[in-house]
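Each chain, letter by letter, is given below.
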Amino acid sequence: MKQQIQQIDSKPSRTTVQTGPMLNEPMLGAGAYKEDLSLENHSPVSTRLREGDLLRTERLGSRMMQSDEILKIEMRGTAEQEGADEDEQMDPNGCMEEFMQRDLSCGGKCWICKPLHTPRSAAMFFVVYGILLILIGGPIFSASQSVVEYTKRYDNICPFNSECITNITLSEDMKAPVYIYYKISEMYQSHRRYTMSRNAKQADGEDVSESELESTCRPAVRVDGDIIVPCGLIASSVFNDTIELSVCGGGASCTRMEGDNFKSICWPSDKNKFKLRDLKEDETRTSYFSGSNETSYIIPPLSNERLITWMRPARSPELIAVDKVIENRDLKKGEELSFNLKNIWNARKFNAEKSIVITTMSWMGGKSDFLGFAYISVGATMIIAGLVMLMLSCHLNREPGEIMHFASSIQKARW
């Protein structure tokens, strides 16, 4: 026994108890203690002391891990609660998840239904929807039919660069306002080069540099060295046929319609884009096509409403532009409209036709049967299809499947 105590006393470094790291030494982890315990020269006392330190360290590490897990769980729970609150605010009935997963029943918690379409229900839908379309298309078609319209071509009876008179006898009453249009076929005003050949600043009365005019209005910029005002292909090709109207009726003398009988034909917003100003010495209103049209061709002043209307290009190859609007006089059945025409605008180069159109307006606008006819035809087709489906369902009847077979299996197996 004394010999063992002496052996222990002779090795103080082995019996020194160190419960913590020194200030200048790194802390040893559990792995270091385990490696130290594997040494064969350790005494039983130091071994027990180091095992105690290892046990305390493992307990401390497990407590820290448990606290971290608890903190993570609390944070996750808080986030889930916040997300649930947001979902509850967005979807108070709690059926959005079921709806997104195609479980439209939602457990009976919300208004979303789970319809089971049968042949009879589909047929009734076709019939009801067809009736609705016919109810919409009927008034539209009736409004179009109430429009009174007359069209008279005149380029074939009035030679180019000459005057003529053409008459139209009314077979129906025309209530004011009565619109008088000129129509030109094969007039592609929507061509990009044509529509871009203009300068809005010059039309607004501003001074524009020659380089800018060359870039925006080419090729219709100059005539005989003078700048065209307004420049561009649109202004230089403005329609300039003369159309004068007289109304004759009941054997009485004809009354010429002019001045106060007509109202403005252009939009107020378009009027604001054009300002009349005096021409400078190097400016002219002679058209770019003056020589090619075999006649003198003068562009109207910027305040001219026909020019302002012409400057808004047509969207289709058949150009129809308003020329006059009779505002304060109804036209009676049997009256004769006499048009004194002067054919100046050359349409022979592209084989165009020129006509006069006299028409009234309805609450749907001008005469156009297409929209109303489309509604009625589609509605009638749906009604016929619905009736055929209904007859087939009655003749070839079978029991529909149970709705439970069509329900989603989300509640049984979720991702």
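Now for a look at the structure at hand. (Residues numbered from 1 in each chain as written. Predicted model: local features only at pLDDT ≥ 70, side-chain atom pairs only at ≥ 80, totals over all residues. Heavy atoms only, no water.)

**Considering helix α6 (residues 119–145)**
- Along its 27 residues, α6 runs 38 Å from first to last C-alpha, staying within 8% of the 39 Å computed at 1.5 Å per residue.
- Of the positions making up α6, those classed as buried are Ala123, Val127, Gly130, Leu133, Gly137, Ile140, Ala143 and Ser144.
- The secondary structure elements touched by the buried residues of α6 are α13 (370–395). (Helix = DSSP H or I, 4+ residues; strand = E, 2+ residues; numbered from the N terminus. Expected span 1.5 Å × (residues − 1). Buried < 20%, exposed > 50% of the residue type's maximum accessible area, 1.4 Å probe, protein only. Contact = heavy atoms within 4.5 Å.)

**So, the pattern of salt bridges**
- If you walk through the whole model with that rule in mind, you get 15 salt bridges.
- For Lys201, the salt bridge identified is with Glu212, shortest N-O distance 3.8 Å. Here the residue Lys201 occupies a position in helix α8 (residues 200–203), and Glu212 occupies one in helix α9 (residues 210–217), the gap between them amounting to eleven residues.
- According to the relative accessible area criterion, Lys201 is partly exposed, its value standing at 43%. (Salt bridge = Lys/Arg side-chain N within 4 Å of Asp/Glu carboxyl O.)

**Focus on unusual backbone geometry**
- The omega torsion across Ala176 and Pro177 is 5°, close enough to zero to call that bond cis.
- Here Val229 and Pro230 are connected by a cis peptide whose omega angle stands at -5°.
- Following the sequence through the fold, Pro230 ends up in the loop between β5 (226–228) and α10 (233–236).
- For Glu186, which is not glycine, the phi dihedral falls at a positive 55°.

**So, the sheet that holds strand β11 (residues 354–359)**
- The antiparallel open sheet is built from four strands, whose spatial order is β1-β11-β3-β9. Single-partner strands in this sheet number two, and they are β1 (149–153) and β9 (319–326). Sheet twist, expressed as the average angle between the axes of neighbouring strands with direction ignored, equals 20°.
- In this sheet, β11 lies alongside strand β3 (residues 178–184) in antiparallel orientation, the contact comprising six bridges. Note that in β11 the partner of Lys183 across the bridge is Ser355. (Pairing = 2+ DSSP bridges. Axes fitted to C-alpha atoms, helices over the stretch in contact; angles between N-to-C directions.)

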